[in-house]
Amino acid sequence: MTDDPAITEMVDFLPNPFGLDDAMALIRSQGARDRFFGIWNSDCALVAVAGAHLQGSARIEIGYWVGRAFQGRGYASEIAPGLIRELDARYPQCQVMAECRPENAASWAVLRKCGLMPTGANGHRVGRQVLVRPK
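I will try to describe carefully the structure that is included in this document. Sequence order as written defines the numbering, with residues in each chain counted from 1. Given that the model is predicted, a residue must reach a pLDDT of at least 70 before its local features are reported, and side-chain atom pairs must reach 80 or more before they are shown or counted; all residues, however, enter totals for whole chains, interfaces and linings. Hydrogens and water are ignored here; the side-chain numbers use all heavy atoms of the structure.

### Section: helix 3 (residues 75–90)
Here comes step 1: End to end, helix 3 covers 23 Å across 16 residues, agreeing with the expected 22 Å (1.5 Å per residue, within 8%).
Here comes step 2: What helix 3 keeps buried is the set Tyr-75, Ala-76, Ile-79, Ala-80, Leu-83, Ile-84 and Leu-87. Buried residues of helix 3, viewed axially, fall in a sector of 140°; they line one side. Facing away from the buried surface of helix 3 by more than 90 degrees, the exposed residues are Glu-78, Arg-85 and Ala-89.
Here comes step 3: We call two residues in contact whenever any of their non-hydrogen atoms come within 4.5 Å of each other. Think of it this way: any DSSP run of H or I at least four residues long counts as a helix, any run of E at least two long counts as a strand, and we number them from the N terminus. Lining the buried residues of helix 3 we find strand 1 (34–40), strand 2 (46–55), strand 3 (59–66), strand 4 (95–100) and helix 4 (105–113). Any helix carries an expected span of 1.5 Å times its number of residues minus one. Accessibility here uses a 1.4 Å probe with only protein chains present; expressed as a share of the type maximum, an area under 20% marks a residue as buried, one over 50% as exposed, and anything in between as partly exposed. Note that the arc is computed from the directions linking the helix axis to the C-beta atoms.

In structure tokens:
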């Protein structure tokens, strides 16, 4: 699923091509500040990956990618709010934020539905803008 240039172009830390060794390295890279979660459908197909990344001590950045074959089916609209609810329960002192390219209308809409608001600030990744969920 992740070895798709449409995915690797959007996710800055994914190499292109993305092979099995890259997947294993991503899984092994998880530590105290980063977590990745696979999301499977009822057919046991991996449809998406979501991540939570501690930024400093007070912000948690969320991100996700959905396999091309599964896009437009509401997976991101299910994943993002679920991840945010879990983060709120476990880390109520942290503010949830994301970086998104303004031209990524689908993801921008999902983040806005989750209560994240654009700050007008550029993200640390080129071409992305910061959205935060007010406390």
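Back to the write-up after that little detour.
### A closer look at the packing of aromatic side chains
Here comes step 1: A pair of aromatic rings is counted whenever rings of Phe, Tyr or Trp (Trp by its six-membered ring) have centres within 6.5 Å, and the orientation is called stacked for planes under 30 degrees apart, edge-to-face for over 60 and tilted otherwise. Considering all chains together, one arrives at three aromatic pairs under this definition.
Here comes step 2: Note on Phe-70 and Tyr-75: the rings are 6.2 Å apart at their centroids and 90° apart in plane angle, and the pair reads as edge-to-face. The same class applies to Phe-70 as to Tyr-75, namely buried.
Here comes step 3: Through a chain of ring-to-ring contacts, the aromatic side chains of Phe-13, Phe-36 and Trp-65 assemble into a single cluster.

### Focus: helix 4
Here comes step 1: When helix 4 is considered as a whole, its buried residues turn out to be Ser-107, Trp-108, Val-110 and Leu-111. Seen from one end, helix 4 has its buried residues packed into an arc of 160°, which puts them on one side. Residues Ala-105, Ala-106 and Lys-113 are exposed on helix 4 and point more than 90 degrees away from its buried face.
Here comes step 2: On its buried side, helix 4 packs onto strand 3, helix 3, strand 4, strand 5 (117–122) and strand 6 (129–132).
Here comes step 3: Two residues or fewer past helix 4, Gly-115 is found with a positive phi of approximately 95°.

### Considering the side chain of Thr-8
Here comes step 1: Looking at the secondary structure, you find Thr-8 in helix 1 (residues 5–8).
Here comes step 2: Pairs of N or O atoms within 3.5 Å make up the polar contacts considered here, provided that, within protein, one atom can donate a hydrogen while the other can accept it, and that residues adjacent in sequence are counted only when both atoms are side-chain atoms. At a separation of 3.4 Å, a polar atom in the side chain of Thr-8 contacts the main-chain carbonyl oxygen of Pro-5.
Here comes step 3: Discounting chain neighbours no more than four positions away, the residues touching Thr-8 are Thr-2, Leu-14, Pro-15, Asn-16 and Phe-18.

### A word on the pattern of salt bridges
Here comes step 1: Here, a salt bridge means any side-chain nitrogen of Lys or Arg that lies within 4 Å of a carboxyl oxygen of Asp or Glu. All chains considered together, the criterion is met by six salt bridges.
Here comes step 2: As a salt-bridge pair, Asp-4 and Arg-68 come within 2.5 Å of each other at their nearest N and O atoms. With Asp-4 in the segment before helix 1 and Arg-68 in the loop between strand 3 and helix 3, the pair connects residues that are 64 residues apart, well separated along the chain.
Here comes step 3: Asp-4 gets classed as buried once you look at its relative accessible area, which sits at 11%.
Here comes step 4: Taken together, the shared-partner salt bridges in this structure form one network comprising Asp-12, Glu-61, Glu-99 and Arg-125.

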